[in-house]
There are 2 protein chains.
Amino acid sequence: MALVVQKFGGSSVASAERIRRVAERIVETKKQGHDVVVVCSAMGDTTDELLDLAGQVAPAPPPREMDMLLTSGERISNALVAMAIHALGAEARSFTGSQAGVITTGAHGNAKIIQVDPDRVRRALDDGEIVLVAGFQGVSQDSRDVTTLGRGGSDTTAVALAAALGADVCEIYTDVDGVFTADPRIVSDAQKLDRISYEEMLEMAACGSKVLMLRCVEYARRYHVPVHVRSSYTDTVGTTVFGSMADIPTDQAVLTGVAHDRSEAKVTVIGLPDEPGYAARVFRTVADAEVGIDMVVQNTGTGRTDITFTLPAADRARAVALLRERRAEIGFADVRHDDRVGKVSLIGAGMRDQPGVTATFCEALAEAGINLDLIATSQIRISVLVRDTDLDEAVRVLHRAFDLGGAEVAVVHGGTGR
Amino acid sequence: MALVVQKFGGSSVASAERIRRVAERIVETKKQGHDVVVVCSAMGDTTDELLDLAGQVAPAPPPREMDMLLTSGERISNALVAMAIHALGAEARSFTGSQAGVITTGAHGNAKIIQVDPDRVRRALDDGEIVLVAGFQGVSQDSRDVTTLGRGGSDTTAVALAAALGADVCEIYTDVDGVFTADPRIVSDAQKLDRISYEEMLEMAACGSKVLMLRCVEYARRYHVPVHVRSSYTDTVGTTVFGSMADIPTDQAVLTGVAHDRSEAKVTVIGLPDEPGYAARVFRTVADAEVGIDMVVQNTGTGRTDITFTLPAADRARAVALLRERRAEIGFADVRHDDRVGKVSLIGAGMRDQPGVTATFCEALAEAGINLDLIATSQIRISVLVRDTDLDEAVRVLHRAFDLGGAEVAVVHGGTGR
């Protein structure tokens, strides 16, 4: 007998019909003799509808009230799934994040889980019940106000519960069959991975893969929770995210996949004095605009230097505005930006021990006539910035260059996972 | 400076536009220098939509989960109103019933408020905030599960908060201008009452008036909370519900109004032995079916007797089924029922001291050719059961017979209040 945590996304519970299907799957797992904890996102487009309603009522709603509003969505879906389970003859009970002991920071809209007190969930499991926990939410340790966890929060809730309860596995049910060597909508022979280490999955997430959010994978890694990413439409085995890269023997370490990211923009600060402290002023200014920086390149010249960096495209205007405001103070000549960029990344533990990877990477793109703008690397990742119109082709070129494709053509189900 | 509790029903917050209007009214009250606590029902038809969704997912949803589901509605509306208030430049904070300290029994779907711990609300008021509290809900004292309070629960929440906070008034904003001498949709010259005592309002509610629910008026009476029932569409002063009938001087005691009720059915148990204990068996059986009895009439014969009583029409089938099941055990000959009945009632503190009222009552109906089926009375009320098709005319006849009409024709706004 195992303790299984299952997470179902918004499209899996988007209608009464789908809710009943999900309930059948959950009860099936329970009948196999396991303890089952389920985390559901809000139904379908509920969260977006609530956001829209809020926008009609107020231009800049207070974050605390936004969290009170949005958490209704998960409350509704989890209560409905509990009802559907009950209709199939099994016992089920739903809890809010707060009731389930999910304690968080006070950052409304992007709270981080501090800890999970699993007692109430544990007692319900001991009573033989299937437990539903509303995803995407918790309660602030300080103010005792309800908080939401940011994008992908339901996945994080599921992994955090799995960690606190010592679950044997955390199953993330989504629209895709698992983690692929590349986005199957771009690369027709992308392969589903059987397994991927935590570090490689972290890089995939950081480099644009939307299957699992970064925070969720970090949590899984910290608490050694095996995460099984699989399809909610079929019974096919998905991808298991587990284990440290360090445990992969050298001869088995491979190149895992190609990720892409369209969400960034590029900013170049021109004519900065080439002396200590000036780069720091630029980055401090961007930080003051509450914007995170990804790739950075500084090209040294004579006396003057340019700094180029990438950041979320949605934040580009705010960051550039604040830089312009402080131009005299910081001391640069001009600032330019380019939103027409995309990032493509090759990830794999095998990169550590294969010296020619960077060369093959750059040669393949050059042969395809794709210009590299910036390069950034880690032990197991190479990322480059290219023109956004070249992005899909860059993904295909790299996937081919490193032999990541398989014989089967990937099956793509409708919609995008969350 | 006063402490004002304001309650807004579902139609008052049915859209973004109406929510903004309600927010303006609330902020206006705050600007007059008062502390303001607001209780909102769920938006428009939200509760019915959630009930419908539940029905699609499961035929007999567990009451605990139904409460988890339904309470989302009030959470949404109160968070949106808080946002709208904030957009007008005032501070506002929303709480669930649980967060606001509304402690209840464990009867899911029909919980009773045991007490209200107002500390968190009080602290927010002291911080200068307008406080929103989700109506219709609380938390069970024993299980710590979320509960809903039954029909009219938002009114009860508002009155209970007013009592716990020692508020100066509890304003119930609704679709009608106040409490009328009769339903203005039936009686064109029905008058709005300026004032009505708690006992008279209790009788009005018990006899079919839907303006305020019985439990809410009982709570107001117990804690001496002045309740001001008024329109959310205009600034017109409504009806104040306050004071004990005992405090009304004899010369000022009047006949207050005519109420009507279409929601009951009549059941007659025929041929019961005319000996002690048999009537009790009938009533115990109906109680076992969890059905409440209203009017009762027993006509004695020789050795055998018939008992006629009324009960909610929605429960009639269940009660009759259980009676038939136990026919031999109880000892009656037959049981019949009639769903085509209506109850009309005359209410007024003045009845105590006006000996001819019952006579005038019966004569007026007789003159109109309306047959009386059952009669039941209290110190301040006369109720009769008539054919349902005679009900509206009976209301008009009595209203005229006791001179309750005024010169102005009553204005009827759209929709029904809750």
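Above this note sits the structure.
Model, not experiment: these values are computed from the prediction.

*Asks:* Help me out: how do you make sense of the overall build of chain A in this one?
*Replies:* Each helix and strand in chain A was counted, giving twelve helices and 20 strands. In terms of overall size, chain A behaves like a compact globule, its C-alpha atoms giving a radius of gyration of 23 Å where 418 residues would be expected to give roughly 22 Å. When its C-alpha atoms are laid out on the principal axes, chain A stretches across 75 × 55 × 35 Å. Taking all 418 residues of chain A together, 57% fall into the buried category. Considering only residue pairs separated by 6 or more positions, chain A has 76% of its internal contacts joining residues 24 or more positions apart. Of the roughly 17300 Å² that chain A leaves accessible, carbon and sulfur atoms contribute 47%. Looking at chain A, you have 43 positive and 58 negative side-chain charges, and the mean spots of the two groups are 3 Å apart.

*Asks:* Can you help me understand the packing of aromatic side chains in this one?
*Replies:* The way to describe two aromatic rings as a pair is by their centre distance and the angle between their planes. For the structure shown, the criterion picks out eight aromatic pairs over all chains. Ring centres of A:Phe8 and A:Tyr173 lie 4.6 Å apart, and the angle between their planes is 10°; this geometry places the pair in the stacked category. A residue pair is termed long-range when its members are at least 10 positions apart, and A:Phe8 in strand β1 (residues 3-8) and A:Tyr173 in strand β9 (residues 169-174) qualify at 165 residues. Residue A:Phe8 shares its accessibility class with A:Tyr173, and that shared class is buried. On the basis of an interplanar angle of 70° and a centroid distance of 5.9 Å, the ring pair of B:Tyr198 and B:Phe242 is categorised as edge-to-face. Placement of B:Tyr198 in helix α6 (residues 198-206) and of B:Phe242 in the loop between β12 (239-241) and β13 (257-261) is noted, with a sequence separation of 44 residues between them. On the basis of relative accessible area, B:Tyr198 is assigned to the buried category, the value being 3%. Accessibility expressed as a relative area gives 30% for B:Phe242, which makes it partly exposed. Sitting above the plane of the A:Tyr219 ring, A:Arg222 keeps its charged end 5.4 Å from the centroid. Directly above the ring of B:Tyr278 sits B:Arg281, whose terminal nitrogen or CZ lies 4.5 Å from the centroid.

*Asks:* Looking at this structure, I do not really get the packing of helix α11 (residues 357-367) of chain A against helix α12 (residues 391-401) of chain A. What am I missing?
*Replies:* Each pair of packed helices gets described by two things: the angle between the helix axes and the distance between those axes. Residue and element names in this part refer to chain A. Two elements in contact, α11 and α12, have axes separated by 9 Å at closest approach and are oriented at 130°. When the axis of α11 is compared with that of α12, the two are oblique. Seen from above, α11 lies across α12 with right-handed handedness. Between α11 and α12, the residues in contact are Phe361, Ala364 and Leu365 and Ala394, Val397, Leu398 and Ala401, respectively. A breakdown of the residues in the contact of α11 with α12 according to their chemical character gives seven nonpolar, no polar and no charged.

*Asks:* Explain the interface of chain B and chain A to me, please; I cannot follow it from the model alone.
*Replies:* Buried accessible area, meaning the area lost when the parts come together, often serves as the stated size of an interface. Taken together, the 41 residues of chain B in the interface contact 41 residues of chain A. Summing both partners gives a buried area of about 3400 Å² for chain B against chain A, and 63% of it is carried by carbon and sulfur. Three residues, B:Val57, B:Arg75 and B:Met83, lead the burial of chain B against chain A; their summed loss comes to 22% of the area buried on that side. Seen at the junction of chain B and chain A, the total is four salt bridges.

*Asks:* Could you clarify how one ought to interpret the packing of α6(B) against helix α7 (residues 214-223) of chain B in this entry?
*Replies:* Residues and elements named next belong to chain B. One can describe the packing of α6 onto α7 by two numbers: an axis separation of 9 Å at closest approach and a directional angle of 170°. As summarised for this structure, α6 and α7 are arranged roughly antiparallel, according to the angle between their axes. Counting all contacts with α6, which are made through Tyr198, Glu199, Met201, Leu202, Ala205 and Ala206, the residues of α7 involved are Leu214, Val217, Glu218, Ala220 and Arg221. Looking at side-chain class alone, the contact of α6 with α7 contains eight nonpolar, no polar and three charged residues.

*Asks:* How should helix α11 (residues 357-367) of chain B be read in this particular structure?
*Replies:* Each turn of an α-helix holds 3.6 residues, which means side chains three or four residues apart point in the same direction. Residue and element names in this part refer to chain B. Three or more residues of α11 are buried, namely Val357, Phe361, Ala364 and Leu365. Along the axis of α11, the buried positions cluster into a sector of 95°, meaning they face one direction only. More than 90 degrees from the buried face of α11, the exposed residues found are Ala366 and Glu367. Packing partners of the buried residues in α11 comprise β18 (341-347), β20 (381-387) and α12 (391-401). Among the residues trailing α11, Gly369 stands out with phi positive, at a value near 75°.

*Asks:* Hey, could you run me through a negative patch on the surface in this one?
*Replies:* Residues and elements named next belong to chain A. On the surface, a cluster of negative charge is contributed by Asp45, Asp48, Glu49 and Asp52. Along the chain, the position of Asp52 falls in helix α2 (residues 46-57). For Asp52, a relative accessible area of 48% translates into the label partly exposed.

*Asks:* Hey, could you run me through the pattern of salt bridges in this one?
*Replies:* Oppositely charged side chains are able to pair whenever their charged atoms sit close together. Residues and elements named next belong to chain A. Under the counting rule described, the total for this entry stands at 48 salt bridges over all chains. Across the pair Asp145 and Arg64 runs a salt bridge whose closest N-O atoms are separated by 3.0 Å. Pair noted here: Asp145 is in the loop between β7 (137-140) and β8 (146-148) and Arg64 is in helix α3 (residues 63-87), with a separation of 81 residues, a long-range link. Since its relative accessible area comes to 9%, Arg64 is described here as buried. Linking Arg387 and Asp338 is a salt bridge whose minimum nitrogen-to-oxygen distance equals 2.7 Å. With Arg387 in strand β20 (residues 381-387) and Asp338 in strand β17 (residues 334-338), this pair connects stretches of sequence that are 49 residues apart.

*Asks:* Help me understand the sheet that holds strand β7 (residues 137-140) of chain B, please; the structure alone is not making it clear to me.
*Replies:* Residues and elements named next belong to chain B. On the basis of which strands lie adjacent, the open sheet formed by four strands has the order β5-β4-β7-β8 and mixed pairing. The sheet terminates laterally at β5 (113-116) and β8 (146-148), the two strands that pair on one side only. On average, each strand axis in the sheet is inclined to that of its neighbour by 45°, with strand direction left out of account. Of the pairings in the sheet, the one linking strand β4 (residues 102-104) to β5 comprises three bridges and is antiparallel in character. Within β5, the residue paired with Thr104 across the bridge is Ile113. Taken strand by strand, helix α5 (residues 153-165) contacts β5 and β7, and its axis lies near 40° from that of β5.

*Asks:* Is there a simple way to think about the environment of A:Arg396 in this case?
*Replies:* All names here are of chain A. Note on placement: Arg396 falls in helix α12. The partly exposed category is assigned to Arg396, whose relative accessible area is 30%. With residues near it in sequence (within four places) discarded, Arg396 still touches Ile186 and Val187.

*Asks:* When you look at the pairing of strand β13 (residues 257-261) of chain A in this model, what are you seeing that I'm missing?
*Replies:* Residues and elements named next belong to chain A. Taken across its five residues, β13 has five buried, putting it largely inside the fold. Residues of β13 alternate between two faces, with Gly257, Ala259 and Asp261 on one and Val258 and His260 on the opposite face, all of them buried. Summarising the sheet, β13 and strand β18 (residues 341-347) pair through five bridges and their orientation is antiparallel. The partner of Gly257 across the bridge, within β18, is Ile347.

*Asks:* What am I meant to see in the relation of the copies chain B and chain A here?
*Replies:* Mapping between the two chain copies consists of a rotation about an axis together with a translation along that axis. Least-squares fitting of chain B to chain A yields an RMSD of 0.0 Å, with the superposition described by an axial translation of 0.0 Å and a rotation of 180°. Here the two chains are linked by the operation of a two-fold rotation axis. Closest approach to the rotation axis within chain B is made by the C-alpha atom of B:Ser72, at a distance of 2.6 Å. The fraction of interface residues of chain B whose copies in chain A are also interface residues reaches 100%, indicating that both copies meet through the same surface.

*Asks:* What's the story with unusual backbone geometry in this structure? I'm lost.
*Replies:* Both trends apply: most residues other than glycine have a negative phi, and most peptide bonds are in trans. Residue and element names in this part refer to chain B. With a phi close to 55°, His224 is a non-glycine residue in the positive phi region. Positionally, His224 belongs in the loop between α7 and β11 (227-231). Of the residues examined, His224 reaches a relative accessible area of 58% and is grouped as exposed. Even without glycine at this site, Asp403 takes up a positive phi of about 55°. Relative to the helices and strands, Asp403 resides in the segment after α12.

*Asks:* Help me understand helix α7 (residues 214-223) of chain A in this model?
*Replies:* Residue and element names in this part refer to chain A. Residues of α7 that are buried include every one of Cys216, Val217, Tyr219 and Ala220, and no others. Viewed along the axis of α7, the buried residues span an arc of 160°, placing them on a single side of the element. The positive-phi residue at the C-terminal boundary of α7 is His224, with phi of around 55°.

The rules behind these values
- Residues numbered from 1 in each chain as written.
- Chains lettered and ligands numbered in written order.
- Predicted model: local features only at pLDDT ≥ 70, side-chain atom pairs only at ≥ 80, totals over all residues.
- Heavy atoms only, no water.
- Helix = DSSP H or I, 4+ residues; strand = E, 2+ residues; numbered from the N terminus.
- Rg over C-alpha atoms; globule rule 2.2 N^0.38 Å.
- Buried < 20%, exposed > 50% of the residue type's maximum accessible area, 1.4 Å probe, protein only.
- Contact = heavy atoms within 4.5 Å.
- Areas by Shrake-Rupley, 256 points an atom, 1.4 Å probe, with all protein chains shown as cover.
- Lys, Arg positive; Asp, Glu negative; His and termini not counted.
- Charge placed at Lys NZ, Arg CZ, Asp CG, Glu CD.
- Phe/Tyr/Trp six-rings, centres within 6.5 Å; stacked < 30°, edge-to-face > 60°.
- Lys NZ or Arg CZ within 6 Å of the ring centre and 35° of its normal.
- Axes fitted to C-alpha atoms, helices over the stretch in contact; angles between N-to-C directions.
- Parallel < 35°, antiparallel > 145°, perpendicular 65-115°, else oblique.
- Left-handed = near helix turned anticlockwise from the far one by under 90°.
- Nonpolar A, V, L, I, M, F, W, Y, C, P; charged D, E, K, R; others polar.
- Buried area = accessible area lost by both parts, 1.4 Å probe.
- Salt bridge = Lys/Arg side-chain N within 4 Å of Asp/Glu carboxyl O.
- Arc of directions from axis to C-beta.
- Patch = residues over 30% accessible without salt bridge, like charges linked within 9 Å, V, L, I, M, F, W, Y side chains within 5 Å.
- Pairing = 2+ DSSP bridges.
- Least-squares fit on C-alpha atoms with pLDDT ≥ 70 in both.

Remember that the coordinates give geometry; whether it matters functionally is a separate question.
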